[in-house]
Amino acid sequence: MAIGGKRAAGGVPIQDQPMNLILKATLLPKISKRFGGRMKAMVSGGAPLNPEVGIFFQSLGLTFLQGYGQTEAAPVISCNRPSAGLKMDTVGPPLKGVEVKIAEDGEILVRGELVMHGYWRNEEESKRVLKDGWLHTGDIGLIDEKGRIQITDRKKDIIVNDKGDNVAPQKVEGMLTLQPEIVQAMIAGDKKPYMTAVIVPDPEWVQEWCARTGTRCDFKNLAHDPDFKAALGHAVERVNKDLSVIERVRKFIVADEPFTIENEQLTPSLKIRRHVLRQVYGARLDALY
C-alpha cells in the first residue's frame, strides 16, 4: 500500500524500486490471475469514489478508472485514462468533443453534442439548466493543471457557515466513513458557527467494543453511553486532524438506526437524503449549538 500510494502520486522513489520490482514479479500477477488474468481496467461510476479505495486497487496492480456523467449528458462527460495520468481524486479529462468549464461560483458546466436539448415537456426546468448551450450540472469542482476534472460536491449540498465560508459535506463524510468505527455519517452546520454530525457506528465495531468493555449491546442505550460516545469521538478527532478549521466536526449525535432505503434516509442509488435526515435529527443537531 505504501509503494502503491507513491506509484499513484506520480512515481516510486529509487529506494523503493527493488521492492516494487519484487511485488510486480510475485504478488501482483497472482492478484491479476484471481480476476481472470485478462482484465484491462475496472470502472467506478454512479457515486464519488473515495480516493483511498482507488489507491488500494491500484496498489494491487488493478487499473481503476473513475467516470463522471449525467443522464442529461448522454451520460458520460469524462473518465480517467492512463494516458492522462491516473489521479484518484479526479474523474479524468473530458471525452473527445466535450467542452467543460468552471463557472464563477464553482459549478461545472458542459457543452457539446452529448448535451440534451431539454427535459421532456418541462420547458421551465430546461431553461434553468441549459443556458447558452451550456449544461449546468449542479456539481461543484475544478480543473487541474492536466485538464482533469475534480468534483468537490453537489451545489445544493454545499454548507455555508455563519461567517460565509463554504464547506463540502461529502468530503468530510467520506473521511468519517473510512474510520473503522463509523459506517455512515451526515454533517450539518448551515448558517452555524461550526460543523456537527449524525453518525452511524459500524455494527461489527460496536459488537467488539461491547465485548471488550462488558457493556450490553443495546443500540439505543449505547447512543447515550458517555464511554461509547467518547470511543466514537476518537474516530472523529482522527479525521479532524486532516481537516481545516471550518471543516472540523466539533460535536455529534449517534443515529437511532442506520440510513437505509426502507426508512427513506437513502436514495435507491445509496446517496443520503439530507432533507429527510434533517427532519429526523434537526432538533437534536440544533441542540448541539
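Scroll up to find the structure.
How each quantity is defined
Residues numbered from 1 in each chain as written. Predicted model: local features only at pLDDT ≥ 70, side-chain atom pairs only at ≥ 80, totals over all residues. Heavy atoms only, no water. Buried < 20%, exposed > 50% of the residue type's maximum accessible area, 1.4 Å probe, protein only. Helix = DSSP H or I, 4+ residues; strand = E, 2+ residues; numbered from the N terminus. Pairing = 2+ DSSP bridges. Phe/Tyr/Trp six-rings, centres within 6.5 Å; stacked < 30°, edge-to-face > 60°. Lys NZ or Arg CZ within 6 Å of the ring centre and 35° of its normal. Axes fitted to C-alpha atoms, helices over the stretch in contact; angles between N-to-C directions. Contact = heavy atoms within 4.5 Å. Parallel < 35°, antiparallel > 145°, perpendicular 65-115°, else oblique. Left-handed = near helix turned anticlockwise from the far one by under 90°. Nonpolar A, V, L, I, M, F, W, Y, C, P; charged D, E, K, R; others polar. Lys, Arg positive; Asp, Glu negative; His and termini not counted. Salt bridge = Lys/Arg side-chain N within 4 Å of Asp/Glu carboxyl O. Disulfide = S-S within 2.5 Å.

(A) Broad picture of the pairing of strand β11 (residues 182-188). Taken across its 7 residues, β11 has 6 buried, putting it largely inside the fold. Relative to strand β12 (residues 195-201), β11 is paired through 6 bridges, and the arrangement is antiparallel. If you follow A185 over to β12, its bridge partner there is I199. The antiparallel pairing of β11 with β12 creates a hairpin that spans 6 residues between the two strands, and G189 there sits at a positive phi of about 155°.

(B) Highlighting the packing of aromatic side chains. Scanning the model with the defined rule gives 5 aromatic pairs in all. Taking the centre distance of 4.8 Å and the plane angle of 10° together, the rings of F57 and F64 count as stacked. Residue F64 is classed as buried on the basis of its relative accessible area, which comes to 9%. An angle of 75° between the planes, with centres 5.2 Å apart, marks the rings of W209 and F228 as edge-to-face. Highlighted residues: W209 in helix α7 (residues 203-213) and F228 in helix α9 (residues 226-240), separated in sequence by 19 residues. An identical accessibility class is assigned to W209 and F228; each is buried. Put simply, the rings of F56, F57 and F64 touch in pairs and so form one group of aromatic residues. Positioned above the aromatic ring of Y289, the side-chain terminus of K192 is 5.2 Å from the ring centre. Lying across the ring of F252, K229 places its NZ or CZ 5.2 Å from the centre.

(C) Local environment of the sheet that holds β11. Read from one edge to the other, the open sheet built from 3 strands follows the order β11-β12-β13, with strand pairing classed as mixed. What marks the edges here is a single partner per strand, and that holds for β11 and β13 (249-254). If you compare each strand with its neighbour and ignore which way they point, the axes differ by 30° on average. Pairing of β12 with β13 involves 5 bridges; the strand directions are parallel. The residue of β13 that forms the bridge with M195 is V249. Contacts between helix α6 (residues 169-177) and the sheet are confined to β11 and β13, with β11 contributing the most and set at about 155° to the helix. Packing of helix α10 (residues 274-287) onto the sheet brings it into contact with β11, β12 and β13, and relative to β11 it is tilted by some 75°.

(D) Focus on the packing of α7 against α9. Viewed as axis vectors pointing N to C, α7 and α9 meet at an angle of 130°, and their least axial separation amounts to 12 Å. Relative to α9, the element α7 lies oblique. Both α7 and α9 take part in a crossing whose hand is right-handed. Every residue of α9 that contacts α7 at W205, V206 and W209 is listed here: D227, F228, A231 and L232. The class makeup of the residues in the contact of α7 with α9 is 6 nonpolar, no polar and 1 charged.

(E) The side chain of D225, seen in detail. Looking at the element boundaries, D225 is found in the loop between α8 (219-222) and α9. It is K229 that comes nearest to the buried, bridge-free D225 among opposite-charge side chains, at 10 Å. Not counting the four nearest positions on each side in its chain, D225 is found in contact with W209 and T215.

(F) Looking closely at unusual backbone geometry. Residue A74 is joined to P75 through a cis peptide bond whose omega torsion reads -20°. Here P75 is to be found in the loop between β2 (64-69) and β3 (76-79). Although it is not a glycine, A74 adopts a positive phi angle of roughly 65°. Residue placement: A74 occurs in the loop between β2 and β3. The backbone phi angle of R121 is positive, close to 55°, even though this residue is not glycine. Take R121: its relative accessible area is 76%, and that puts it in the exposed class.

(G) Region of interest: the state of the cysteines. As enumerated under the stated definition, the model contains 1 disulfide in all. Bridging C210 to C217, the disulfide has an S-S length of 2.3 Å. Handedness here is read from the sign of the S-S torsion; for C210 and C217, about 110°, the answer is right-handed.

(H) Examining the pattern of salt bridges more closely. What the rule picks out here adds up to 19 salt bridges. Note that R148 and E145 form a salt bridge whose closest N and O atoms lie 3.9 Å from each other. Overall, E145 belongs to the exposed group, its relative accessible area being 68%. With a shortest N-O distance of 2.7 Å, E173 and R274 are connected by a salt bridge. Placement of the pair is E173 in helix α6 and R274 in helix α10, with a sequence separation of 101 residues. The class of E173 is buried, set by a relative accessible area of 7%. When salt bridges with common partners are traced through the structure, they connect D105, E107 and K155 into a single cluster.

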